[in-house]
Amino acid sequence: MTGFLNPFPMTTTLFDLKDRLVWVAGGAGYLGQAVVKALAAAGAQVLCLDLDDKAAAFVSGENLSDRVYPLSCDLNRTDLLPEFVKAQTERFGPPHGLVNLSFGSTAKKLEELSAEDFDRVNHAALTSTFLLAREVSPYMIHNGGGSIVLFASMYGMVSPDGGVYESPMNKNPLEYGVGKAGVIQMTRYLAVHWAQSGIRVNCISPGPFPNPTVQEKHPDFIDRLSGKSPMNRIGVSEEIAGPVLFLLSKASSYVTGHNLVVDGGWTAW
Amino acid sequence: MDLFSLKNKVALVTGGAGQYGKSITEGLAEAGCTVIIASRNIEAIEKAAAEFRENGFDIHGMQLDQADPVSVKNISERIKNEFGRLDVFVNNAVARPMKGYRGPIEQFDESMRVNATGMMDLLREMTDLIIASGGGSVINISSMMGMYAPIYSNYEGVPGMGDIAPDYCFHNAGLIMLSRFMAKTHAGKNIRFNCISPGGLFNNQPEKFVENYCKKVPLGRMANKDDIKGLIVLLASDAGSYINGENILIDGGLYA
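A short tour of the structure in this document, coming up. Being a predicted model, the structure only gives us computed values, none of them experimental.

This brings us to the overall build of chain A. Check the secondary structure of chain A and you find eight helices and seven strands. The C-alpha radius of gyration computed for chain A amounts to 19 Å, which stays within 12% of the reference 18 Å derived for 269 residues, consistent with globular compactness. Considered along the principal axes of its C-alpha atoms, chain A spans approximately 60 × 50 × 40 Å. Of all 269 residues assigned to chain A, the portion counted as buried reaches 55%. Within chain A, residue pairs in contact and separated by at least 24 positions form 74% of the contacts whose partners lie at least 6 positions apart. Carbon and sulfur atoms form 53% of the exposed surface of chain A, whose accessible area is close to 11,600 Å².

Glancing now at helix α2 (residues 54-61) of chain A. All names here are of chain A. If you check which residues of α2 are buried, you get A55, F58 and V59. One face of α2 carries all of its buried residues, which in axial projection span an arc of 95°. Along α2, the residues that are exposed and aim more than 90 degrees away from the buried face are S60 and G61. Structurally, α2 contributes buried residues whose contacts are with α1 (30-41), β2 (45-50) and β3 (68-72). Where α2 ends, the next residue or the one after it, N63, has phi of about 55°, a positive value.

To continue, consider the side chain of N115 of chain B. Residue and element names in this part refer to chain B. By the secondary structure assignment, N115 is in helix α4 (residues 105-132). Within the structure, the side chain of N115 is placed 2.8 Å from the backbone oxygen of A95, a separation counted as a polar contact. Side chain to side chain, N115 and H171 meet in a polar contact 3.4 Å long. Beyond its immediate stretch of four places on either side in the chain, N115 contacts Q66, A93, V94, A95 and H171.

A few words on the sheet that holds strand β4 (residues 88-91) of chain B. Residues and elements named next belong to chain B. One open sheet holds the seven strands; their spatial order is β3-β2-β1-β4-β5-β6-β7, and the pairing between them is parallel. This sheet does not close on itself; its edge strands, each paired only once, are β3 (59-63) and β7 (247-250). Adjacent strand axes in the sheet meet at a mean angle of 20°, parallel and antiparallel pairs treated alike. Here helix α2 (residues 42-54) sits on the sheet in contact with β2 (34-39) and β3, set at roughly 175° to β3. Contacts from helix α3 (residues 69-83) reach β1 (10-14), β2 and β3 within the one sheet, and its direction differs from that of β3 by about 150°.

Conventions used here
- Here, residues in each chain are numbered from 1, in the same order as that chain's written sequence.
- Naming scheme: in the order in which they are written, chains are lettered from A and ligands are numbered from 1.
- Given that the model is predicted, a residue must reach a pLDDT of at least 70 before its local features are reported, and side-chain atom pairs must reach 80 or more before they are shown or counted; all residues, however, enter totals for whole chains, interfaces and linings.
- The basis for every side-chain value is the complete set of heavy atoms in the structure, and neither hydrogens nor water enter the calculation.
- Strands here are runs of E lasting at least two residues and helices are runs of H or I lasting at least four, both read from the DSSP assignment and numbered beginning at the N terminus.
- Each radius of gyration is computed over the set of C-alpha atoms, and the globule rule expresses the reference value as 2.2 Å times the number of residues to the power 0.38.
- Three exposure classes are used, based on accessible area relative to the maximum for each residue type with a 1.4 Å probe and protein chains only: buried under 20%, partly exposed in between, and exposed over 50%.
- Contacts: residue pairs with any heavy atoms within 4.5 Å of one another.
- The Shrake-Rupley method, run with a 1.4 Å probe sphere, supplies the accessible areas, and residue values consider only the shown protein chains as cover.
- Read the arc as the range of directions from the helix axis to the C-beta atoms.
- Any pair of N or O atoms that falls within 3.5 Å is considered a polar contact. Within protein, one atom must be able to donate a hydrogen and the other to accept it, and sequence-neighbouring residues count only if both atoms are side-chain atoms.
- Being paired, for any two strands, means DSSP has found at least two bridges between them.
- Throughout, an axis means a line fitted to C-alpha atoms (over the contacting stretch in the case of helices), and angles, computed between N-to-C directions, take values from 0 to 180 degrees.

See the structure below:
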């Protein structure tokens, strides 16, 4: 309506995360970066965890250092994880949120996938995911609760369609989807386990979100992916940020144990 | 936070004078949306709209009987003429003529006339309006009762409750499928269709029922009327721009 001045131009408090501390594991990846940037824009304090110097390079490159602190962390090293969580919690205080976007994948064909490959990838996808959440949980509980957002995938719900992939690209590999399916069930288990302790646990299953390198190198692949989505396009990383902010904030205070699918409709048909 | 802003958007919320309808409307309005609330009862809807306006929100009441094709056409014309566009449709109206499993079958028929046939008529009209406006978002309000069978033990020791009418469960299940159907049917037109399935909403039910129910919910409480607001804004706004064909439970973990 023209001429109408709304006194409430923005959703004021519902999605507020001001000065909330949120850990983002895998925060320097394609989706992770969008999540970290949106959290910083929403006023949160972020610990951005990634391998080697990836987090540091991302944070300095994007001038996010006033809100985001980068940390190098290899979540595969489950032997070091409890000590890492303890040290960072003592240093930064207990987190309100934990977002885990870390993942592993061999990109191998089923026929070439070794038992060691399968174990290694799922050690990261499942064992590390479980352990990080559990080690963080006592600090969250002590702090009055929090919200955990795990990342699954549409390929933890449906099989990849071989017709979308063409040589030399292999079909999305078995061990990836198996790990992601496990994350969906882990979400339900943890949600029920911690519900009375004030921690909500949900996961997000992204649909087709190929990173810019894949987009650039394989335009035909992008066309085939787009054609499989009712929205006739792939997702862009910013479209993951809104659902994450929703699940971290009190806007979702009655949502727990849910797998929120952000796939443009891929799994709807 | 621009991501969740609905400034300059126009939404229609059916069942806008009910408990959920008011929360949905408030959530949209707080995000800057202009909201048309519609109901069969013109007095109730005008009163609700006036109360919202007193709080500074841009809310307009319109009469609608979704079981009447003429009324559906009328509201479509009025929205076009008075607002020029529609961006968001929250399909929230429900009639509950059937009171229990053995209720007269004519009541089931009446329920389908409003909740299935009339709803479909309105859904098609509003979808056309949104597409003609360049795209937007449709949010269907279903229920966990459309996903799972009733938990009869919740009604133990609660006189007068526990005879669940089948029509409500039936059409809500259909609405979940219809959301997927519409997502596919209107693929590529910049319109998204999603469904929300809330768990039990606290509505001053008998204490014993609330106690039975809450024992089963991991979060230990029933839904309150504001629990739906965040999800409505997520699905209506650009923050949810890649969520399509989805059914989202707000059940406190009951069915986790």
